[in-house]
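Letter by letter, the chains look like this.
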Amino acid sequence: MPTLLHALIVDPDAASAQPLMAALASTGRTATAVPSAAAMRAAVERQEPESVWVAESLPAAEWSKVQLLAGRCGAPLVLAVAAAVPAPAHLERALQCGCATVLGAGAPAERIEAAFAQVLARRQHAVREREELRRLKFQADDLRRRSLQQAEAFHRAQETFFLDLSRMMTIITNIMDGIVFVDRGGNVTLLNPVAEDLLDTKSFVAIGKPLGALQGRAELLGALVADHGRLETQKEVVQTVEIHHSEQDLLYIKCITSRVVDYRGQPAGTLSVLKDVTAEFKTDQLKNQYLSIVAHELRTPLTGIKTFATMMAKGSLGPLGDRQQRVCESIREQSLRLEHQIDKLVNLGNLESADYGRDLEVVLLDDFLAGLLLPFEQPARDRRIELTLVAEPGDHCLYADRIDLRRACQALIENAVKFTADGGHVQVRVAATPDGGLVFGVCDDGIGIDPRYHRRIFEKFFQVEDPLTRHHGGAGLGLFVARGIVEAHGSRIEVLSQLGRGADFSFALPVHPRVGAPSTAAARA
């Protein structure tokens, strides 16, 4: 690092620079005189000047070089003139050349001190400017670096987004189900090829239009519009629509419509999935028809068997011995059991009908519960099962299908008795709910149900046990029938059970007001 020099005097005339050097020396400041800009460059490399004093006699060509060198080392310029008092022309030239001040020949020490004060102020200002420029340059470089990083990150995110979008659109395009997405404004924004075929419209026509304004299969479009309206009160809407397809005759389309929310939980639109369930629907329909035909065909010979067994048991065809009597009673008992299973098969086809469970009437609770346990009392006594009924006191009424609801409750009781070990307990309860309804429940301490089967036990013909090795009889229709009847009444069967800890089945129904309802005595009369 070169040593600091207080003043570097640039004067072509060395003799005229001597008085200024002497004046500066009188104030205790070091000074060096050079004749030109080239000599100044060599001097600056040896010593760093605090200020540069330029004689007015310096040629204009040299001034620009001196200014450049002074700017590089951060030394302010001072114009030194030969006159004792600087003229206005000198001040104007000093302003043009960017000098900090003007100093005349023979200036007293006070004037020199004042000039150095101005030089110091200008130098400090220049230092602050250089620091500010350095800081701004650093910030600009850092901002440029961050901008490049952000641009690269955005480019990578954009590539990932378009890749994910391409994958998603490929999946949506090739998926076997129809996809219809409607934005929060009610306009279609997505329609895949399967949906185009089912709705009989094209995506380029449908995009940006409301569903109700589209031209296509009116029955399916109308069902989707209705489902969107029902989403105001429901989270998901499911229905099956029958449509007439020009190439495939009748189609059955399952429409699953649900709301879509964004990351803030705000509504973002509506998604409808259109599943072609024609094969499943027709298979199920054929199965129900086949079962109904088989059930009716079995009922005819069964009627004869039951009739003749009853006649023989009563002795109408002649006296029977004790052993013959027991055999006839067994034939009659098994006939009644088979008739009960056939009744389930006959009613199976109606369970999923829209009209099922709609033969509603006002039913007195006491009348409904009367004789509810009667079919199971003897089997329970035979196996030493304690079968009890605990009913909520009060004169309550229900608005229900008496026969169907009774069938559902008895299906739950039959299931509990069947899977309760000998000497166990089965309790049928009717209790009030906080909202003024009634809960029907059947609780047992039997073998229980593994939680993984809680949903499947309500399927048609489902048996937890292997059908070839099971220890309990039945066709697997009891809980299916019970669920269909309860859901037709607007409720749902709840299951609480663990393997080996018994089971608790329950459902709730609202209490019907007794306005205009018949009295208990009148109903029993």
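Residues numbered from 1 in each chain as written. Predicted model: local features only at pLDDT ≥ 70, side-chain atom pairs only at ≥ 80, totals over all residues. Heavy atoms only, no water.

S.K.: Even after reading the chapter, I still don't get the overall build of the chain, so can you show me in this structure?
M.R.: Each helix and strand counted, the chain has 15 helices and 19 strands in total. Once the C-alpha set of the chain is aligned to its principal axes, its extents read approximately 165 × 60 × 55 Å. For the chain, with 525 residues in total, the buried portion stands at 36%. When the accessible area of the chain is evaluated, it comes to approximately 30,500 Å², of which 57% is carbon and sulfur surface. (Helix = DSSP H or I, 4+ residues; strand = E, 2+ residues; numbered from the N terminus. Buried < 20%, exposed > 50% of the residue type's maximum accessible area, 1.4 Å probe, protein only. Areas by Shrake-Rupley, 256 points an atom, 1.4 Å probe, with all protein chains shown as cover.)

S.K.: Looking at this structure, I do not really get the packing of helix α13 (residues 402–418) against helix α14 (residues 478–488). What am I missing?
M.R.: Describing two packed helices takes the angle between their axes plus the distance from one axis to the other. Running from N to C, α13 and α14 point in directions that differ by 145 degrees, and their axes come no closer than 8 Å. Considering the relative orientation of α13 and α14, their crossing is left-handed. Touching Asp404, Leu405, Arg407, Ala408, Ala411, Leu412 and Asn415 of α13 are Gly478, Leu479, Val481, Ala482, Ile485 and Val486, all from α14. Of the residues assigned to the contact of α13 with α14, the class counts are nine nonpolar, two polar and two charged. (Axes fitted to C-alpha atoms, helices over the stretch in contact; angles between N-to-C directions. Left-handed = near helix turned anticlockwise from the far one by under 90°. Contact = heavy atoms within 4.5 Å. Nonpolar A, V, L, I, M, F, W, Y, C, P; charged D, E, K, R; others polar.)

S.K.: It is not clear to me how the sheet that holds strand β2 (residues 7–10) should be interpreted in this structure. Could you clarify?
M.R.: Sheet strands associate in pairs through backbone hydrogen bonding, adopting either a parallel or an antiparallel arrangement. Taken in spatial order, the five strands make up an open sheet running β3-β2-β5-β6-β7, and their pairing is parallel. Where the open sheet ends on each side, the last strands, each with one partner, are β3 (31–34) and β7 (99–103). Within this sheet the neighbouring strands show an average axis-to-axis angle of 25 degrees, counted without direction. Of the strand pairs in this sheet, β2 and strand β5 (residues 52–55) are connected by three bridges, and their pairing is parallel. (Pairing = 2+ DSSP bridges.)

S.K.: Sorry if this is basic, but what is going on with the sheet that holds strand β17 (residues 437–444) here?
M.R.: The sheet built from five strands is open, its strands ordered β14-β16-β17-β19-β18 with mixed pairing. A single partner strand is all that each edge strand has here, and the edge strands are β14 (386–391) and β18 (494–497). Averaged over all pairs of adjacent strands, the angle between their axes in this sheet comes to 15 degrees, without regard to strand direction. The sheet contact formed by β14 and strand β16 (residues 425–432) spans six bridges and is parallel. Bridging across to β16, valine 390 finds its partner in arginine 429. The sheet strands contacting α13 are β14, β16, β17 and β19 (503–510), and the helix crosses β19 at an angle near 165 degrees.

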